[in-house]
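Structural overview
These are the residues of each chain, in order.
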Amino acid sequence: MTIPSSDAFVFFGATGDLAYKKIFPALQAMTKRGELEMPVIGVGRSEWSGGKLRARARDSLEHNGGVDKEAFEKLSARMEYVSGDYGDPATYEGLKTMLGGAKRPLHYLAIPPSLFGPVVRGLAKAGCAKDARVVVEKPFGRDLASAQALNRELHEVFDEAAIFRIDHYLGKEAVQNLQYFRFANSFLDPIWNRHYVDNIQITMAEKFGVQGRGAFYEEVGAIRDVVQNHLLQVIALLAMDPPTGHDAESMRAEKLRLFRAMRPLDPKEVVRGQFRGYLDEEGVPKDSKVETFAALRLHIDTWRWAGVPFYIRTGKNLPITATEVRVGLKCPPLATFDDISPATANYFRFRLSPEVVISTGARVKSPGEEMRGQPVELVARHQTRGDQEPYERLLHDAIEGDASLFTRDDTVEAAWRVVDPMLGDVPPPEPYEPGSWGPEAAHRVISGKQGWHDPKPEEAPPC
Ligand code: BG6
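Since we're looking at a predicted model, the values are computed, not measured.

Cut-offs applied
- Residues numbered from 1 in each chain as written.
- Predicted model: local features only at pLDDT ≥ 70, side-chain atom pairs only at ≥ 80, totals over all residues.
- Heavy atoms only, no water.
- Near = heavy atom within 4 Å.
- Polar contact = N/O pair within 3.5 Å; in protein donor to acceptor, adjacent residues only side chain to side chain.
- Areas by Shrake-Rupley, 256 points an atom, 1.4 Å probe, with all protein chains shown as cover.
- Axes fitted to C-alpha atoms, helices over the stretch in contact; angles between N-to-C directions.
- Helix = DSSP H or I, 4+ residues; strand = E, 2+ residues; numbered from the N terminus.
- Parallel < 35°, antiparallel > 145°, perpendicular 65-115°, else oblique.
- Contact = heavy atoms within 4.5 Å.
- Nonpolar A, V, L, I, M, F, W, Y, C, P; charged D, E, K, R; others polar.
- Salt bridge = Lys/Arg side-chain N within 4 Å of Asp/Glu carboxyl O.
- Buried < 20%, exposed > 50% of the residue type's maximum accessible area, 1.4 Å probe, protein only.
- Phe/Tyr/Trp six-rings, centres within 6.5 Å; stacked < 30°, edge-to-face > 60°.
- Lys NZ or Arg CZ within 6 Å of the ring centre and 35° of its normal.
- Pairing = 2+ DSSP bridges.
- Core = buried A, V, L, I, M, F, W, Y, C linked by side-chain atoms within 4.5 Å.
- Domains from an automatic or database assignment.
- 1 Å grid on protein atoms, 1.4 Å probe; cavity = no way out; pocket = protein on both sides within 12 Å on 5 of 7 lines; lining within 4 Å.
- Points joined across faces, edges and corners; volume = space filled by probe spheres on them.

Moving on: the site of the ligand. The environment of the ligand is formed by Lys 138, His 168, Tyr 169, Lys 172, Met 204, Glu 206, Arg 213, Asp 225, His 230 and Lys 316. For the ligand, an oxygen atom lies 2.6 Å from a polar atom in the side chain of Asp 225. Isolated, the ligand exposes 400 Å² of accessible area, and the fraction of that covered by the protein chains is 78%.

Printed below as a string of structure tokens:
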């Protein structure tokens, strides 16, 4: 069955930060590829005109990747703006008029989750929800209960098949490549389990702080902001069983099984940190207990992964901006030559950001008389960046009705169930110095033999 493409692109939150940094550049790139031959309607609360939105789009492009004259002209000729309060029926009547003859609009909600309910109800009342799709931004709720409530609100108006929950990490080229590498290489199949894998760790480090977004960050903290979504999604791709079919639902079914096998976090295996200076950020109360750093150990209760620790570490104001996965293999059973520890044994390394790298860590003999070794990396892929930005890929997929890279209602709830024990009333975070690898206590969650592997600046491999 062919799924019809959307025939209008509506984006709520058009005047916001996300639109400025990511959405306008994605829309220009999609126009350039011929993937956005439809009206593009921005909706926002500010009293702007179509002209003001187009000026904002140009300014956004000038600061984020550059204006492509031809593509921008096409895009701006299609771009219009509707202003109004999201609780006011007149806003949706205005949108309906603007949609004209479009029959299958896609509504992208780049707005806080508390507004999802009022907006979808407004769309439904005005007749703008029929045969439409809705794309919703993260965070999808604050905890399990609020995510369940949001799902109920969305389902009042849209079938699950018409709801696309975005997680931009899933649109990253490197994350796609990780998924491809796993299921396209049969040599991985026999070793991708508890018999050969010693531990898996993922570090998402950011060199910058909260960049003036203190008030936003206060609502989330590292666990809600990136662990519940981006990092658990990456773990799911690393650990899930191969899907049994080629369609989106087969992939989503395996992912769900994996999420359901993740044990809810044990507060004893989580360390939360806060960088010194966070309390002086604008919008942050002086007694804030919000974490800007988290390190944790996760367990997956399946036969494949029983006993294999999964470690996650993320933080703001760390020494580098890089996201890296390291799948550490077990040591050889006997030390024939030099001693090999879990920290120096073979591994697979997936650099997910900012570069795209896949490599295998091996050992070779060092030149000389002695039978002593040294580490080398066999590089399978080294790219400075992906050729398509995540939002281009994801918004195009949503227009085409391809849900493979979007999170289903049951999966998003399963992910909240994992982190729920760490939300709410938790002890204060431990302070750490900006530019450090977080509080000392982060070493508590990882076995001393394995240790954290800090991502390093990526060097291009020798040709
Ligand atoms: C966002 C978080 O979802 O992801 C930010 O809200 C974070 O806090 C960002 O900085 C990281 O994404 P990327 O693609 O820039 O690595």
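And the narrative resumes.
Before going further, it helps to examine the packing of helix H1 (residues 17-32) against helix H2 (residues 50-63). At a closest axis distance of 9 Å, the pairing of H1 and H2 adopts a crossing angle of 95 degrees. Comparing their axes, H2 and H1 come out roughly perpendicular. The segment H1 lies against H2, with Ala 19, Tyr 20, Phe 24, Pro 25 and Gln 28 engaging Leu 53, Arg 56, Ala 57, Asp 59, Ser 60, Leu 61 and His 63. Looking at the contact of H1 with H2 residue by residue, the class counts come to seven nonpolar, three polar and two charged.

What follows concerns the pattern of salt bridges. Counting across every chain of the model gives 37 salt bridges. Salt-bridge contacts for Lys 32 lead to Asp 68; the nearest nitrogen and oxygen are separated by 3.0 Å. On the criterion of sequence distance, the pair formed by Lys 32 in helix H1 and Asp 68 in the loop between H2 and helix H3 (69-78) is long-range, its members being 36 residues apart. Judged by its relative accessible area of 58%, Lys 32 falls in the exposed class. Across the pair Arg 351 and Glu 458 runs a salt bridge whose closest N-O atoms are separated by 3.5 Å. Here Arg 351, found in strand S12 (residues 347-353), pairs with Glu 458, found in the segment after strand S15 (430-432); they are 107 residues apart in sequence, far enough to count as distant. According to the relative accessible area criterion, Arg 351 is buried, its value standing at 1%. One network of salt bridges, with partners in common, ties together Glu 324, Arg 349, Arg 351, Glu 355, Glu 377 and Glu 458.

Next up on the list: the packing of aromatic side chains. Counted by the stated rule, this structure contains 18 aromatic pairs. Residues Trp 48 and Tyr 81 carry aromatic rings whose centres are separated by 5.9 Å and whose planes lie at 35 degrees to one another, so their mutual orientation is tilted. Here Trp 48, found in the loop between strand S2 (40-44) and H2, pairs with Tyr 81, found in strand S3 (residues 79-83); they are 33 residues apart in sequence, far enough to count as distant. The same class applies to Trp 48 and to Tyr 81, which are both buried. By the ring-pair criterion, three or more aromatic residues cluster together here, those being Phe 181, Phe 187, Trp 192, Phe 348 and Phe 350. Between the NZ or CZ atom of Arg 165 and the centre of the ring of Phe 140, over which it lies, the distance is 5.0 Å. The lysine or arginine in question, Arg 326, covers the ring of Tyr 347, its NZ or CZ lying 4.1 Å from the ring centre.

One open sheet accounts for nine strands, arranged S14-S13-S12-S11-S7-S10-S9-S8-S15; its pairing is mixed. Lying at the two open borders of the sheet, with one neighbouring strand each, are strand S14 (373-383) and S15. Strand-to-strand twist of the sheet, defined as the mean angle between neighbouring strand axes without regard to direction, takes the value 20 degrees. Where strand S13 (residues 356-365) and S14 come together, 10 bridges link them in antiparallel fashion. If you follow Ser 359 over to S14, its bridge partner there is Val 379. Sheet strands in contact with helix H7 (residues 173-184) are strand S11 (322-329), S12, S13 and S14, and its direction is about 150 degrees off that of S12.

What follows concerns the nonpolar core. Within the largest apolar cluster, 123 residues are counted, with the highest numbers of intra-cluster contacts made by Phe 9, Phe 11, Phe 12, Tyr 108, Val 325 and Phe 350. For this core, the element with the most residues is helix H8 (residues 214-239), which contributes 11 residues. Mapped onto the domain boundaries, this core takes at least three residues apiece from domain 1 (8-137) and domain 2 (170-387 + 419-445). Setting aside residues no more than four positions away along its own chain, Phe 12 makes contact with Val 43, Tyr 86, Tyr 92, Leu 95, His 107, Tyr 108, Leu 109, Ala 110, Ile 111, Val 119 and Leu 123.

For the rest of this paragraph, the subject is the environment of Ser 250. Assignment of secondary structure puts Ser 250 in helix H9 (residues 248-261). C-alpha of Ser 250 to C-alpha of Ser 404: the two residues are 154 residues apart in sequence and 9.1 Å apart in space.

For the rest of this paragraph, the subject is the packing of H8 against H9. H9 packs onto H8 with a crossing angle of 110 degrees between their chain directions and a minimal axis gap of 9 Å. Considering their axes alone, H8 and H9 lie roughly perpendicular with respect to each other. Taking contact as the criterion, the partners of Leu 232, Gln 233, Ile 235, Ala 236, Leu 237 and Ala 239 in H8 are, on H9, Lys 255, Leu 258 and Phe 259. Of the residues that constitute the contact of H8 with H9, the class distribution is seven nonpolar, one polar and one charged.

This part covers empty space enclosed by the protein. This structure, assessed with the given rule, holds five cavities of 30 Å³ or more. Taken as a whole, the largest cavity encloses approximately 110 Å³ of empty space. Lining of the largest cavity is provided by 14 residues; of these, Asp 167, Gln 228, Asn 229, Thr 407 and Val 412 occupy positions nearest its centre. Of all the secondary structure elements, the ones that give two or more residues to the lining of the largest cavity are H8 and helix H11 (409-419). Roughly 50 Å³ of volume is contained in the second largest cavity. If you trace the second largest cavity, you find it lined by Gln 233, Met 251, Arg 252, Lys 255, Ser 404, Phe 406, Thr 407, Arg 408 and Thr 411.

With that settled, the discussion passes to the domain arrangement of the protein chain. Along its sequence, the protein chain is carved into domain 1 (8-137) and domain 2 (170-387 + 419-445). Relative to domain 2, the C-alpha centre of domain 1 lies at a distance of 35 Å.

With 10 of 11 residues buried, helix H10 (residues 390-400) lies mostly within the body of the structure. Considered for burial, the residues of H10 that qualify are Pro 390, Tyr 391, Glu 392, Arg 393, Leu 394, Leu 395, His 396, Asp 397, Ala 398 and Ile 399. Positive backbone phi, approximately 80 degrees, marks Gly 401, located one or two places after H10.

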